[in-house]
Amino acid sequence: MKLYVQKKNTLSERHVKADQKADAKVPDDLLRKCPQCGLTIMSRQLDCYAECPQCHYGFRIGARQRLAWLTDEFDELDMDLQTKDPLAFPGYQDKLKTAQNKTQLNDAVLTGVARIGDQQAALGIMDPGFIMGSLGTVAGEKITRLFEHATQHRLPVIMVTASGGARMQEGIHSLMQMAKISNAVAAHDQAGLLYAVVLTGPTTGGVTASFAMQGDITLAEPHALVGFAGRRVIEQTMHQKIPNDLQAAENLLRHGFIDAIVKRTDEKAMLERLLKLGGAMRV
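Thresholds applied
- Residues numbered from 1 in each chain as written.
- Predicted model: local features only at pLDDT ≥ 70, side-chain atom pairs only at ≥ 80, totals over all residues.
- Heavy atoms only, no water.
- Axes fitted to C-alpha atoms, helices over the stretch in contact; angles between N-to-C directions.
- Helix = DSSP H or I, 4+ residues; strand = E, 2+ residues; numbered from the N terminus.
- Parallel < 35°, antiparallel > 145°, perpendicular 65-115°, else oblique.
- Left-handed = near helix turned anticlockwise from the far one by under 90°.
- Contact = heavy atoms within 4.5 Å.
- Buried < 20%, exposed > 50% of the residue type's maximum accessible area, 1.4 Å probe, protein only.
- Pairing = 2+ DSSP bridges.
- Right-handed = clockwise from strand over helix to strand, strands pointing away.
- Core = buried A, V, L, I, M, F, W, Y, C linked by side-chain atoms within 4.5 Å.
- Salt bridge = Lys/Arg side-chain N within 4 Å of Asp/Glu carboxyl O.

### Section: the packing of helix α2 (residues 63-70) against helix α9 (residues 264-277)
Thought 1: Two elements in contact, α2 and α9, have axes separated by 10 Å at closest approach and are oriented at 60°. The orientation of α2 with respect to α9, classified from their angle, is oblique. Crossing hand, α2 versus α9: right-handed. Together, Arg-66, Trp-69 and Leu-70 of α2 and Arg-264, Glu-267, Lys-268 and Leu-271 of α9 make up the contact between the two elements.

### With respect to the environment of Gly-62
Thought 1: Relative to the elements of secondary structure, Gly-62 occurs in the loop between β2 (40-42) and α2.
Thought 2: Taking the relative accessible area as the measure of exposure, Gly-62 reaches 25% and is therefore partly exposed.
Thought 3: Once the C-alpha coordinates of Gly-62 and Thr-103 are considered, the two residues, 41 residues apart in sequence, prove to be 6.8 Å apart.

### Examining the pairing of strand β7 (residues 195-203)
Along any regular strand the residues' side chains alternate between the sheet's two faces.
Thought 1: When you tally the buried positions in β7, you get eight out of nine residues, the bulk of the element.
Thought 2: With six bridges joining them, strand β6 (residues 157-163) and β7 adopt parallel strand pairing. Bridge pairing in β7 places Val-160 opposite Val-198.
Thought 3: On the question of chirality, the crossover connecting β6 to the parallel β7 by way of helix α5 (residues 171-190) is right-handed.
Thought 4: Both β7 and strand β8 (residues 217-220) contribute to a ladder of four bridges, which runs parallel. Within the sheet, the bridge partner assigned to Leu-199 lies in β8 and is Ala-220.

### Describing the nonpolar core
Buried together is how nonpolar side chains tend to be arranged in soluble globular proteins.
Thought 1: In this structure, Phe-59, Leu-123, Ile-158 and Leu-271 are the most contacted members of the largest nonpolar core, which totals 30 residues.
Thought 2: The greatest single-element share of this core, amounting to four residues, is contributed by α2.
Thought 3: Aside from chain neighbours lying at most four places away, what touches Leu-271 is Leu-70, Ile-158, Val-198 and Leu-219.
Thought 4: Leu-135, Leu-146, Phe-147 and Leu-155 belong to the second-largest nonpolar core, a separate cluster that totals 29 residues.

### Focus: the pairing of β8
Thought 1: Pairing analysis gives two bridges linking β8 to strand β9 (residues 260-261), with the strands arranged parallel. Residue Ala-220 lies in a different strand from β9, and its bridge partner there is Ile-261.

### Observations regarding the pattern of salt bridges
Thought 1: In total, this model carries 15 salt bridges according to the counting rule given.
Thought 2: Measuring nitrogen to oxygen at the nearest pair gives 2.8 Å for the salt bridge that ties Arg-167 to Asp-107. Here Arg-167 is found in the loop between β6 and α5, whereas its partner Asp-107 is found in the loop between α3 (92-103) and β4 (109-116), with 60 residues between them in sequence. Asp-107 carries the same exposure label as Arg-167, and that label is buried.

Take a look at the structure:
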C-alpha cells in the first residue's frame, strides 16, 4: 500500500507539472472566455468592437478604442483638468498616475464634440480602465461642462457609461457630482435638446443613480450589467437570492428601463439615426 500511494502521488505530481508547463506556454491574454455564454475564443479573433461572436457580449474596452469606430471626427474638451486629491487619500496619486498612463486620459471620462456620419453631437465616453470608470470630481466636472457646452451651442448629448460608481478616494466630493451633473442635464433638457445614453457593462452605483438614467433615449449593449448595488450587497440586505439576470440589459428592457439593446457593430448607425430624428446639427 505504501508503494502504491507513493507511486500515485508521483504520477499526480507529474500531471500537475505537465499542466503547469503547458499553461506556461499559453500567454494569459491569448485566450478570452466570454462571461456570458462561456465561449472561449482567441484574442486575435476579436476585432475593434471586441464582441463575442456567439452572443454579442461586449468585452470591456477603453474610451479611445470605442471612439475610433464610433466617430468620424472628434475635438476633445477639458483634457487638462486634474484632480487635487481633496482628501489626501493614501496612495491615490500613484493610482491616478497608473490609470492615466494606462488609458491616456486625465480622468475616467473622455469628452468632446464629435461628428457621427453627418451629424454633430457632444459626446462623453467613460473608460472602465480608469479606476473602474469611477465618478470623481474631475469626471463630474468634465461631464457637467460637456452638457453646459452642448446647451450653449444647442447640441445633442450622447453619453456612453461604464462605471463602478462613486470614487471612494474622493468621498463626499464624489457623491456631490451626481447632483451637479443632474442640474446640467436638466438645463439641457429645458433647452429642448436631445440626450441619449448608451449603457455598457458595468454601469452601477452613483452613475446609474444619476445621469445614466436621465436620457431621453436609453440604449444598452447586449448582456450589459446595469444596477445600483452589487449582487452580494443586495442579497445580504434582502437575505434572499436574486435572479441571475436581474441586472442584465435584457431584463431591464423587459421591464421598460431601457428602450433598445444595440450591438456594438450597429451603434454608430443607430446613434446617427437618432441624432437626425432628434434635430442634431448637420455638418
